[in-house]
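So the chains spell out like this:
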Amino acid sequence: MSAVSTPQDTPAPARRDAESTRTAILKAARHLLARHAHGDITLKAVADRAGVSPPLILKYFGNKDTLFARVMSFETDADALLAAPVDDLGAHMVRHVLVSQSEQGADPLLRIVFAPLHGEQGDILRANFRTQVTDRLTARLAGPDAGLRAELAVATLLGLGVMYGIARGTELRAHAVDALVDRYAPTVQAYLTP
């Protein structure tokens, strides 16, 4: 007797998890924004990179401007980057930058390096970076020159991000994250401590 396939025997088509789809779209858009001028990026390019259809991007984000407004925001990244007490913040931020790049393929801050490529959108990127990252960090620091110290700490993190993620420093990438945190975090922490 031959087996007949019934509807209950047929596996249901895999459904996309909405949150992972949004994440994939945002990651693809960030990747493209770091390499191309905003005006040159199409929804099709984002969709191809994310492995989705352009209409799905429209479903989740409405249009290209809304998608890139999210990509140009540092709010969520800043929440994670600054999620430690000030006394431990240097190590936390260094670890966050390295783990974000090595395990998630994205840097929480590096988009700002490409702001000059984006014309008016670059101005938005810079303003968001200032208010959502640097100003928030400044507000957490006690003592003199808090704004300067916050900018120096962030500049130090950006240098690490560029060397690790863009220049792909072979020595950096050959060392464990913990070893890099042990070496680099004291420099960042020195700026955070009055």
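Residues numbered from 1 in each chain as written. Predicted model: local features only at pLDDT ≥ 70, side-chain atom pairs only at ≥ 80, totals over all residues. Heavy atoms only, no water.

### Here we look at the overall build of the protein chain
Here is step 1: Scanning the protein chain for helices and strands turns up ten helices and zero strands.
Here is step 2: Counting from the amino terminus, the protein chain carries its helices and strands in the arrangement α-α-α-α-α-α-α-α-α-α.
Here is step 3: Seen along its three principal axes, the alpha-carbon backbone of the protein chain occupies a region of about 80 × 45 × 30 Å.
Here is step 4: Counting the 194 residues in the protein chain, one finds 40% classified as buried.
Here is step 5: Surface accessibility of the protein chain: about 10700 Å² in total, with carbon and sulfur atoms responsible for 56%.
Here is step 6: Computed over 21 positive and 21 negative side-chain charges, the separation of the two mean positions in the protein chain equals 5 Å. (Helix = DSSP H or I, 4+ residues; strand = E, 2+ residues; numbered from the N terminus. Buried < 20%, exposed > 50% of the residue type's maximum accessible area, 1.4 Å probe, protein only. Areas by Shrake-Rupley, 256 points an atom, 1.4 Å probe, with all protein chains shown as cover. Lys, Arg positive; Asp, Glu negative; His and termini not counted. Charge placed at Lys NZ, Arg CZ, Asp CG, Glu CD.)

### Points about the confidence of the model for the protein chain
Here is step 1: Summary statistics for the protein chain give a mean pLDDT of 86 and a share of 92% for residues scoring 70 or more.
Here is step 2: Taken together, the stretch residues 1-14 has pLDDT below 50 and engages in two contacts with residues farther than four places along the chain or on a different chain. (pLDDT = per-residue confidence, 0-100. Contact = heavy atoms within 4.5 Å.)

### Let's talk about the pattern of salt bridges
Here is step 1: The full count for this structure, using the stated rule, is seven salt bridges.
Here is step 2: Residue D48 is joined to K44 by a salt bridge in which the shortest nitrogen-to-oxygen separation is 2.9 Å. Taken as a pair, D48 and K44 lie in helix α2 (residues 43-50) at a separation of four residues, close to a single helical turn.
Here is step 3: When the shortest N-O distance is used, the salt bridge between D178 and R95 registers 2.6 Å. Of this pair, D178 sits in helix α10 (residues 177-192) while R95 sits in helix α6 (residues 89-104), placing them 83 residues apart in sequence. (Salt bridge = Lys/Arg side-chain N within 4 Å of Asp/Glu carboxyl O.)

### Thoughts on the packing of aromatic side chains
Here is step 1: Counted by the stated rule, this structure contains one aromatic pair.
Here is step 2: Here the aromatic rings of F74 and F129 are separated by 5.1 Å at their centres, their planes lie at 80 degrees, and the arrangement is edge-to-face. With F74 in the loop between α4 (64-71) and α5 (75-81) and F129 in helix α7 (residues 119-140), this residue pair connects regions lying 55 residues apart in the sequence.
Here is step 3: Between R173 and the ring centre of Y164, over which it is positioned, the NZ or CZ distance is 4.4 Å. (Phe/Tyr/Trp six-rings, centres within 6.5 Å; stacked < 30°, edge-to-face > 60°. Lys NZ or Arg CZ within 6 Å of the ring centre and 35° of its normal.)

### Some remarks on the environment of L160
Here is step 1: Along the polypeptide, L160 turns up in helix α8 (residues 146-166).
Here is step 2: For L160, a relative accessible area of 4% gives the class buried.
Here is step 3: Those residues in contact with L160 that sit more than four places away from it in its chain are V94, V97, L98, L172 and Y184.

### Quick word on the environment of E75
Here is step 1: Within the element layout of this structure, E75 appears in helix α5.
Here is step 2: Its relative accessible area of 34% is what places E75 among the partly exposed residues.
Here is step 3: Separated by 51 residues in sequence, E75 and A24 have C-alpha atoms that sit 18 Å apart.

### Focus on unusual backbone geometry
Here is step 1: Even without being a glycine, D145 presents a positive backbone phi close to 55 degrees.
Here is step 2: Mapped onto the fold, D145 is located in the loop between α7 and α8.
Here is step 3: Taking the relative accessible area as the measure of exposure, D145 reaches 54% and is therefore exposed.
Here is step 4: Backbone geometry places R168, a non-glycine residue, at a positive phi of 55 degrees.
Here is step 5: With respect to the secondary-structure elements, R168 resides in the loop between α8 and α9 (170-174).
Here is step 6: The class of R168 is partly exposed, set by a relative accessible area of 47%.

### Concerning the side chain of R149
Here is step 1: Mapped onto the elements of the fold, R149 is located in helix α8.
Here is step 2: Lacking a salt bridge, the buried R149 has D145 as its closest oppositely charged neighbour, with an N-O distance of 6.1 Å.
Here is step 3: Aside from chain neighbours lying at most four places away, what touches R149 is L141, A142, G143, P144, Y191, L192, T193 and P194.

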